[in-house]
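As a plain string of letters, each chain reads:
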Amino acid sequence: MQKRAVVSVVGKDQVGIIAKVTTVISDNNINILDISQTILEGFFTMIMLIEINDPSNLETLQEKFKPVEQALGLKINIQLEDVFQAMHRV
Amino acid sequence: MPIAFTEIQETIRMVEMEHLDIRTVTMGISLRDCADHDFEKVKQKVYEKITSYAKDLQTTANQVAKEYGVPIINKRIAISPAAELLGNATKEQAIELAETLDKAAQTLDVDFIGGFSALVHKGISKGDQILLDALPEALSKTERVCSSISVATTRTGINMDAVGQMGQIIHDTAKFTQDNNSIGCAKLVVFCNPVEDNPFMAGAFHGAGEGEAVLSVGVSGPGVVLHALKRYPDADLGEVSDVIKKTAFKITRAGEIIGRVVAERLNVPFGIMDLSLAPTNAMNDSVAEILEEIGLERVGTHGTIAALALMNDAVKKGGAMASSYVGGLSGAFIPVSEDNGMIRGIEEGALNLSKLEAMTCVCSVGLDMIALEGNASPETLSAIIADEAAIGMINKKTTAVRVIPVIGKKEGETVEFGGLLGRAPIIGVSEFSSEKLIQRGGRIPAPLQSLIN
């Protein structure tokens, strides 16, 4: 079943964050539907909407982000989009 | 409409920084079909039923929590009141049943199993009495078994004979577990108007009107409400209510979607969402601090009841809009040992037992996790229960008493329960006796439902 998930990336702004994060995503053959990014109080914040075939793959993807998280001091979370829909849309 | 950047950030902030979590997913399981004339078979059936129905509870809940990025803190089991199985049993067998439940909870790796319970608000059946007799020992010999006893309802009045017994049972449980700060009492709740679908411990049980199995969800988030209010330091009280309502709405929606997914994957009907602001000892995860943020220098001072009433009602309004099936105790819990703000209120002399009693008139439950001096007499404990039951009976609400008379400790000392149960300053009780009231026994008749002033 096709589902959408939200990848959020937060950390200190530096060169190459988008490149390294999106590389992991493309290496896993995942399609990105939307990206928005901003700098908030010196913190890099990026939110991506991606397509997921099997929600149970989220855990493996989360694992694959680990090296990037450690190398760049980022915090990367993946969550199914449904939870945001439920909380913010009636 | 696509979700906005700020909305996504808000959710992430709630989880990462403000302690938004699903406090518990609780599977209710009916054990009525486990009755048998051979008690060995009863125990075997009980163990097998619980461990087969809930075998995937832990893994499924963890998996869903990961996928949705909202932590599920506790996974728990609530069973139909155990007294129903004890009609022909002995006290020793009742204790063995509690041990069986404990073993099932260990096998499933759930931290609590609730429902070692009896409903005695009108009268005490044979099975009920066996369970009551077994309680102090059962609670001292088990780790994860929780018990709740219903001693009063608005429609039946207060069973003062049961109230009288409960004072003694709490006293004995405290003694049986005195080497461990009388911790047994933390697993025992005495109810007026209990709800049958409450997912929170220690008072969870699977009520008589429930189906074979059901999954209910308790969400919490005092931290989220507190942070939301901090952004509106000058709002008037109508706006404060609105902020709490909106926050409660979002929290409930998150809980509902996750609860439904867990229920669906476990192939069990979704029961109810219980939106209760249940504090923890984590920084800023305190109900008392919300009250202080609304405008009290310290919880317990004049105005505490008004602030709590506002908050409790706003939480319910937001929750009721967010889910089709809001139930359980929904509202605000005011346990003392699990809330750093409440602990501070008592330590600084702003909050006392009388004020806590008054707060239970407008909060969602009752006197919760309050450590009393160890020499409180059984009759005094009974009288505390009677007062609380009267508040619940007259106000048509659930009230409960979960007090821990800590043997060997006096007013002013502090007791450490550890873990989720936290720590608490010891509160003194009145030096005047209530013995005659309790000794009279009998039932306090059900109150009039009209002439309500």
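About the thresholds
Residues numbered from 1 in each chain as written. Chains lettered and ligands numbered in written order. Predicted model: local features only at pLDDT ≥ 70, side-chain atom pairs only at ≥ 80, totals over all residues. Heavy atoms only, no water. Helix = DSSP H or I, 4+ residues; strand = E, 2+ residues; numbered from the N terminus. Rg over C-alpha atoms; globule rule 2.2 N^0.38 Å. Contact = heavy atoms within 4.5 Å. Areas by Shrake-Rupley, 256 points an atom, 1.4 Å probe, with all protein chains shown as cover. Lys, Arg positive; Asp, Glu negative; His and termini not counted. Charge placed at Lys NZ, Arg CZ, Asp CG, Glu CD. Buried < 20%, exposed > 50% of the residue type's maximum accessible area, 1.4 Å probe, protein only. Expected span 1.5 Å × (residues − 1). Buried area = accessible area lost by both parts, 1.4 Å probe. Salt bridge = Lys/Arg side-chain N within 4 Å of Asp/Glu carboxyl O. Polar contact = N/O pair within 3.5 Å; in protein donor to acceptor, adjacent residues only side chain to side chain. Core = buried A, V, L, I, M, F, W, Y, C linked by side-chain atoms within 4.5 Å. Domains from an automatic or database assignment. Nonpolar A, V, L, I, M, F, W, Y, C, P; charged D, E, K, R; others polar.

K.L.:
How should the overall build of chain A be read in this particular structure?
P.N.:
Each helix and strand counted, chain A has three helices and four strands in total. Secondary structure of chain A in N-to-C order comes out as β-α-β-β-α-β-α. For a compact globule of 90 residues, the expected C-alpha radius of gyration is about 12 Å, and chain A comes in at 13 Å, within 12% of that figure. A principal-axis box enclosing the C-alpha atoms of chain A has dimensions of 35 × 30 × 20 Å. Contacts in chain A between residues at least 24 apart in sequence constitute 68% of all its contacts with a sequence separation of at least 6. Carbon and sulfur atoms make up 51% of the accessible area of chain A, which totals about 4,600 Å². Placing the 8 positive and 11 negative side-chain charges of chain A at their respective mean positions leaves the two points 3 Å apart.

K.L.:
Which parts of the structure should I look at to understand the overall build of chain B?
P.N.:
A count of helical and extended segments in chain B gives 14 helices and 15 strands. Since a compact globule built from 453 residues should have a radius of gyration of about 22 Å, the 21 Å found for chain B is in line with a globular shape. Dimensions of chain B, computed from the C-alpha atoms along their principal axes, are close to 60 × 50 × 45 Å. Within the span of chain B, comprising 453 residues, buried residues form 62% of the whole. Expressed as a percentage of contacts within chain B between residues at least 6 apart in sequence, the contacts between residues at least 24 apart total 78%.

K.L.:
When you look at unusual backbone geometry in this model, what are you seeing that I'm missing?
P.N.:
As a rule of thumb, non-glycine residues mostly have phi less than zero, and peptide bonds are mostly trans rather than cis. Residues and elements named next belong to chain B. Cis geometry marks the peptide bond from Met201 to Ala202, where omega comes out at 10 degrees. Unusually for a residue other than glycine, Asp109 sits at a positive phi of about 60 degrees. The backbone of Asn193 shows a phi angle near 50 degrees, a positive value even though the residue is not glycine. On the secondary structure map, Asn193 appears in the loop between β7 (188–192) and β8 (213–220). Asn193 gets classed as buried once you look at its relative accessible area, which sits at 15%.

K.L.:
Looking at this model, I keep getting lost on helix α10 (residues 304–322) of chain B. Mind explaining?
P.N.:
Residues three or four positions apart in an α-helix share a direction because the helix packs 3.6 residues into each turn. Taking 1.5 Å of rise per residue, 19 residues should cover 27 Å, and α10 of chain B covers 27 Å from first to last C-alpha, within 8% of that figure. Its buried side turned inward, α10 of chain B meets α8 (237–266), β9 (270–277), α9 (287–294), β10 (331–332) and α12 (353–359) of chain B.

K.L.:
Looking at this structure, I do not really get the interface of chain A and chain B. What am I missing?
P.N.:
Interface size is commonly expressed as the accessible area that is lost once the parts come together. Across the contact, 28 residues belong to chain A and 26 residues belong to chain B. Contact with chain B buries surface across chain A, with Met87, His88 and Arg89 of chain A losing the most and accounting together for 30% of the total. For the interface between chain A and chain B, the tally reads three salt bridges. Lys66 of chain B is the partner of Glu59 of chain A in a salt bridge, and the nearest nitrogen-oxygen pair spans 3.2 Å. Remark: the boundary between chain A and chain B carries nine residue pairs in polar contact (both at pLDDT 80 or more). Elements supplying a minimum of two residues to the side of chain A that touches chain B: β1 (3–12), β2 (32–40), β3 (43–52), α2 (58–72), β4 (74–80) and α3 (82–88) of chain A. No other element matches α3 of chain A, which puts seven residues into the side of chain A that touches chain B.

K.L.:
I would appreciate a short explanation of the nonpolar core in the present structure.
P.N.:
As a rule of thumb, soluble globular proteins bury nonpolar side chains together. One finds Val21 of chain A together with Ile50 and Ile77 of chain B to be the most contacted residues of the largest nonpolar core, which totals 173 residues. With twelve residues, the single largest contributor to this core is α8 of chain B. Residues in contact with Ile77 of chain B, not counting those within four places in the same chain, are Thr26, Met27, Ile29, Ile50, Ala54, Leu57, Leu108, Val110, Phe112, Ile113, Gly114 and Met201 of chain B. Ala78, Val189, Ala278 and Phe333 of chain B belong to the second largest nonpolar core, which has 14 residues in total.

K.L.:
Mind showing me how you'd approach the domain arrangement of chain B here?
P.N.:
Residues and elements named next belong to chain B. In terms of domains, chain B is made up of domain 1 (26–192) and domain 2 (217–444). The straight-line distance from the C-alpha centre of domain 1 to that of domain 2 is 22 Å. Both faces combined, the contact of domain 1 with domain 2 buries some 3,600 Å², and carbon together with sulfur accounts for 71% of it. When the buried area of domain 1 at its contact with domain 2 is split by residue, Ile158, Met160 and Cys192 rank highest and sum to 18% of it. Notably, a salt bridge pairs Arg265 with Glu67, separated by 2.8 Å at the nearest N-O pair. Broken down by secondary-structure element, the contributors of at least two residues to the side of domain 1 that touches domain 2 are α3 (57–68), β2 (72–79), β5 (145–153), β6 (157–159), α6 (160–176) and β7. Looking at the side of domain 1 that touches domain 2, the element that brings in the most residues is α6, giving eleven residues. Classifying every residue of the side of domain 1 that touches domain 2 by side-chain character gives 23 nonpolar, 15 polar and seven charged.

K.L.:
Looking at this structure, I do not really get the side chain of Glu7 of chain B. What am I missing?
P.N.:
Here Glu7 of chain B is to be found in helix α1 (residues 5–17). Judged by its relative accessible area of 18%, Glu7 of chain B is buried.

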